[in-house]
Amino acid sequence: MTPDEMDWKITDILRQGYESNNQIARQLGVSEGMVRKRVQRLKEAGILKVRALINPDVLDNQQIAVIGVNVKESRLLDQKASDISELEGVLSVSVVSGRYDLLLELLIDSNKGLVRFLTETLPQVDGISATESFLLLKSYHKYV
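Residues numbered from 1 in each chain as written. Predicted model: local features only at pLDDT ≥ 70, side-chain atom pairs only at ≥ 80, totals over all residues. Heavy atoms only, no water.

Focus on the overall build of the chain
When helices and strands are counted, the chain shows five helices and four strands. Helices (α) and strands (β) of the chain occur, in sequence order from the N terminus, as α-α-α-β-α-β-β-α-β. For 144 residues, the compact-globule estimate of 2.2 N^0.38 gives 15 Å, and the C-alpha radius of gyration of the chain, at 19 Å, exceeds that figure by more than 25%. With the principal axes as the frame, the chain shows a C-alpha extent of 55 × 40 × 25 Å. Relative to its full complement of 144 residues, the chain shows a buried share of 33%. Sequence separation of 24 or more characterises 66% of the internal contacts of the chain that already satisfy a separation of 6 or more. Carbon and sulfur atoms provide 46% of the accessible area of the chain, an area that totals close to 9,600 Å². Within the chain, the 20 negative side-chain charges are centred at a point lying 4 Å from the centre of the 18 positive side-chain charges. (Helix = DSSP H or I, 4+ residues; strand = E, 2+ residues; numbered from the N terminus. Rg over C-alpha atoms; globule rule 2.2 N^0.38 Å. Buried < 20%, exposed > 50% of the residue type's maximum accessible area, 1.4 Å probe, protein only. Contact = heavy atoms within 4.5 Å. Areas by Shrake-Rupley, 256 points an atom, 1.4 Å probe, with all protein chains shown as cover. Lys, Arg positive; Asp, Glu negative; His and termini not counted. Charge placed at Lys NZ, Arg CZ, Asp CG, Glu CD.)

What follows is the structure, encoded as structure tokens:
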């Protein structure tokens, strides 16, 4: 599926913050049913995901960690990224350029959660040669 101009307009409105289908329809001058069907089609195609996000600074005993990961074999990069993305606590995995092959974003239970992820969870994925961890101490305009 390739989104058309109306799909992008709906998506842009939703990216700015939650709006009901009715509110979106009024803004765009179309029917609520049209918006509902398009949002559903975008979700089914894996283009759009609608969810509530919260400021991580308000979470008790949880914090965000970023881990730079290098994999042993570049040809397995996509597979390792996919495998890691399925691990508990992983918010996102990105293939990146530079010093690391992958950057992981995690929501963890304080420092013990990071130790547990590094020693118990991440080793479930073979082929990782090195990691470096960063704890986010304060975030601006970041929601998870």
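That was the structure; now back to the text.
As for the pattern of salt bridges
Enumeration according to the criterion identifies seven salt bridges in this entry. In this structure, glutamate 5 engages lysine 9 in a salt bridge whose closest nitrogen and oxygen atoms are separated by 3.5 Å. One end of the pair, glutamate 5, and the other, lysine 9, are both in helix α1 (residues 5-16), four residues apart, so they sit about a helical turn from each other. When its relative accessible area of 58% is taken as the criterion, glutamate 5 is described as exposed. What makes lysine 9 partly exposed here is its relative accessible area of 37%. For the salt bridge of glutamate 73 with arginine 75, the shortest nitrogen-to-oxygen distance reads 2.9 Å. (Salt bridge = Lys/Arg side-chain N within 4 Å of Asp/Glu carboxyl O.)

A look at the packing of aromatic side chains
The description of two aromatic rings rests on the distance between their centres and on the angle between their planes. Scanning all chains against the criterion turns up zero aromatic pairs. Here lysine 138 stacks its cationic end above the ring of tyrosine 140, 5.3 Å away from the centre of that ring. (Phe/Tyr/Trp six-rings, centres within 6.5 Å; stacked < 30°, edge-to-face > 60°. Lys NZ or Arg CZ within 6 Å of the ring centre and 35° of its normal.)

Section: helix α4 (residues 77-85)
Along an α-helix, a turn takes 3.6 residues, which lines up residues three or four apart on a common side. All of the buried residues along α4 are Leu77, Lys80, Ala81 and Ile84. End-on, the buried residues of α4 take up no more than an arc of 100 degrees, which puts them together on one face. At its buried positions, α4 is contacted by β1 (63-71), β2 (90-95), β3 (102-108) and β4 (128-135). (Arc of directions from axis to C-beta.)

Observations concerning the pairing of β3
Of all seven residues that make up β3, five are buried, and the element is covered over most of its length. Where β2 lies against β3, five bridges are found, and the strand directions are antiparallel. Pairing of valine 90 across the sheet is with leucine 106, part of β3. Connecting β2 to the next strand, β3, in antiparallel fashion are six residues, including glycine 98 with a positive phi near 105 degrees. (Pairing = 2+ DSSP bridges.)

Quick look at the confidence of the model for the chain
Per-residue confidence for the chain gives a mean pLDDT of 92; residues scoring 70 or more make up 100%. Across the chain, element-level confidence peaks in α4 with a mean pLDDT of 97 and bottoms out in helix α5 (residues 110-121) with 90. (pLDDT = per-residue confidence, 0-100.)

Concerning the environment of serine 139
Mapped onto the elements of the fold, serine 139 is located in the segment after β4. Along the primary structure serine 139 and isoleucine 128 are separated by 11 residues, whereas in three dimensions their C-alpha atoms are 28 Å apart.

What about the packing of α1 against helix α2 (residues 21-28)?
Close contact between α1 and α2 brings their axes to 11 Å; oriented N to C, the two are set at 125 degrees. Looking at the two axes, α1 sits oblique to α2. The hand of the α1/α2 crossing is right-handed. Here Met6, Lys9, Ile10, Ile13 and Leu14 of α1 come into contact with α2, specifically with Ile24, Gln27 and Leu28. For the contact of α1 with α2, a count of residues per class yields six nonpolar, one polar and one charged. (Axes fitted to C-alpha atoms, helices over the stretch in contact; angles between N-to-C directions. Parallel < 35°, antiparallel > 145°, perpendicular 65-115°, else oblique. Left-handed = near helix turned anticlockwise from the far one by under 90°. Nonpolar A, V, L, I, M, F, W, Y, C, P; charged D, E, K, R; others polar.)

What to know about the nonpolar core
Core analysis: the largest hydrophobic core is formed by 18 residues, its most contacted members being Ile84, Leu102, Leu104, Leu106 and Phe117. Leaving out residues up to four positions away in the same chain, isoleucine 84 has contacts with Val90, Val93, Leu102, Leu104, Leu122, Val125 and Ile128. Counting residues in each nonpolar core, the second largest holds 10 residues, with Ile10, Ile13, Val35 and Val39 among its members. (Core = buried A, V, L, I, M, F, W, Y, C linked by side-chain atoms within 4.5 Å.)

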